[in-house]
Amino acid sequence: MAVSTSGDAEMNSVKKGASAGAPLVLRILAECPVTKARACDLTLPHGPVRTPVFMPVGTQGTMKGITADQLEALGCQICLGNTYHLGMRPVSSAVALFLLHYAFPCTENYSYGPALIEKASGLHGFMNWKRNLLTDSGGFQMVSLVELSEVTEEGVKFRSPYDDKEILLSPEQSIAIQNSLGSDIMMQLDDVVSSTVTGPRVEEAMKRSVRWLDRCIAANKNPERQNLFAIIQGGLNAELRHVCLEEMTKRDVPGFAIGGLSGGEEKDDFWRMVTLCTDHLPCEKPRYLMGVGYAVDLVVCVALGCDMFDCVFPTRTARFGSALVPWGSLQLRHKQYAKDFQPIDPDCTCPTCRRHSRAYIHALLKCDTAALHHITIHNIAYQLSLMLSVRQSILDGRFPQFVQAFMKRMFPSREQYPHWAVDALASVGIALD
Ligand SMILES: [Zn+2]
């Protein structure tokens, strides 16, 4: 199923330079004349996506999370494949789920898992989600979930927590599973090292990620309906990032992710690596910054030229009773909200703020997990509406002013602005007064 481009000349002109025949069209609507920010319409097989975009993680109808229907009602156009709870451990990766749930108990007959999901009309049918889906490779999740893992040239090796058998997640298998899931954007399997690791391992992982990208491209059975994104690695080493960018941008992939960041590195290193990457990524393809979801980070990284973001933060922090607001966050468990009858954010139009007060949610938090669900809805609505405001300001040609007002509202005084954010914004021409 190819995306309809309505055959108009405009679409064809913006497609120039994009991956040949890929089911993705990126149309740049506006570029900020000061910063590297841009507003685009991204067309994927399951509909349009307005960028810059925050992509929430879809979950299976749990009271603590948010359902596909609710995500759709909030205007979400793309989400990450399901978070399931497998036993006591949350698995926020559909691929990792498949390995754990289907592959491990039947390693003799590995093809069983993907065949089953194909019967369920892919992940879209399984989740009952009609819009776009992004799946990760499963590698990162598996490495963090399964203690006994080993990376070799072949792939990532794990020991089954069920029967102690060894199983291999190779680039080919990751893509085979993602092909079966039918996601609109698939991520390559990469060799992930923590952003705080230094030394020869970082170079090895970067070079292996390039080799694995080639194996992923070759393994993709559905290049006409599933987009495979490359992941730029290289840790905090500018030279290695340069090499990775040069190699990966030679490949004909429909989009690029910036990986290996948001892992506890200094924020000063973080933004410098982000801006280095966006300087060298092709402007006609989408740029996805992985694992970033704090409001300040989102706004700054849009200024640095990123289009897509994902992070478990807004949903995770909701589960601790914390609601996101334009001036920071409210810890609704605190006593001060017991008699506070305002909504979480009086300016928010989400279902939670339309119906419930801070006092009600505070009371509910003591006895019912439904409170966490109400906060999750609000937090996702906050992220989506923040990104829509960012986008509108780029379209209106007032993004720098938007950033200045955003920072003023988020922090009580100039002294509290994070230094890294001030430096990062200054690097693209926004002075904060
Ligand atoms: Zn709200």
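See the structure shown above.
Enquirer: Can you break down the packing of aromatic side chains residue by residue, with the values?
Expert: A complete count under the given rule lists four aromatic pairs for this structure. Here the aromatic rings of tyrosine 294 and phenylalanine 313 are separated by 4.5 Å at their centres, their planes lie at 75 degrees, and the arrangement is edge-to-face. In this pair, tyrosine 294 sits in the loop between strand E15 (287–289) and helix H11 (295–303) while phenylalanine 313 sits in helix H12 (residues 313–318), placing the two residues 19 residues apart along the sequence. Since its relative accessible area comes to 21%, phenylalanine 313 is described here as partly exposed. Between lysine 267 and the ring centre of phenylalanine 270, over which it is positioned, the NZ or CZ distance is 5.0 Å.

Enquirer: Run through helix H10 (residues 267–280), naming residues and quoting values.
Expert: The end-to-end C-alpha distance of H10, which contains 14 residues, comes to 20 Å, matching closely the 20 Å that a straight helix rising 1.5 Å per residue would cover. Those residues of H10 that are buried are in contact with strand E13 (227–232), helix H9 (238–248), strand E14 (255–258), E15, H11 and helix H17 (419–427).

Enquirer: I'd like a description of the sheet that holds strand E11 (residues 166–169), backed by residues and values.
Expert: The strand order E9-E10-E11 describes an open sheet built from three strands, whose pairing is antiparallel. The sheet terminates laterally at strand E9 (149–151) and E11, the two strands that pair on one side only. Direction aside, neighbouring strands of the sheet carry axes that sit 20 degrees apart on average. Relative to E11, strand E10 (residues 156–159) runs antiparallel, the two sharing four bridges. Across the sheet, residue valine 156 finds its bridge partner in E11, namely leucine 169.

Enquirer: Kindly report on the coordination of the zinc ion, identifying the contributing residues and their values.
Expert: Around the zinc ion, the donor atoms from the protein are Cys348 (SG), Cys350 (SG), Cys353 (SG) and His378 (ND1), and they sit 2.1 to 2.3 Å away. In this structure, the zinc ion is coordinated by four donor atoms arranged in tetrahedral fashion, with angles at the metal of 100 to 118 degrees. The sequence pattern describing where the donors of the zinc ion fall on their chain is C-x1-C-x2-C-x24-H. Residue cysteine 350 is found in the loop between strand E18 (328–331) and helix H13 (351–355), and its partner histidine 378 is found in helix H15 (residues 370–395); the two are separated by 28 residues along the sequence.

Definitions and cut-offs
Residues numbered from 1 in each chain as written. Predicted model: local features only at pLDDT ≥ 70, side-chain atom pairs only at ≥ 80, totals over all residues. Heavy atoms only, no water. Phe/Tyr/Trp six-rings, centres within 6.5 Å; stacked < 30°, edge-to-face > 60°. Helix = DSSP H or I, 4+ residues; strand = E, 2+ residues; numbered from the N terminus. Buried < 20%, exposed > 50% of the residue type's maximum accessible area, 1.4 Å probe, protein only. Lys NZ or Arg CZ within 6 Å of the ring centre and 35° of its normal. Expected span 1.5 Å × (residues − 1). Contact = heavy atoms within 4.5 Å. Pairing = 2+ DSSP bridges. Axes fitted to C-alpha atoms, helices over the stretch in contact; angles between N-to-C directions. Donors = N, O, S within 2.8 Å, 3.2 Å for Na, K, Ca; no water. Tetrahedral: all angles 85-135°; square planar, octahedral: opposite > 155°, others 65-115°.

Geometry only, nothing functional implied.
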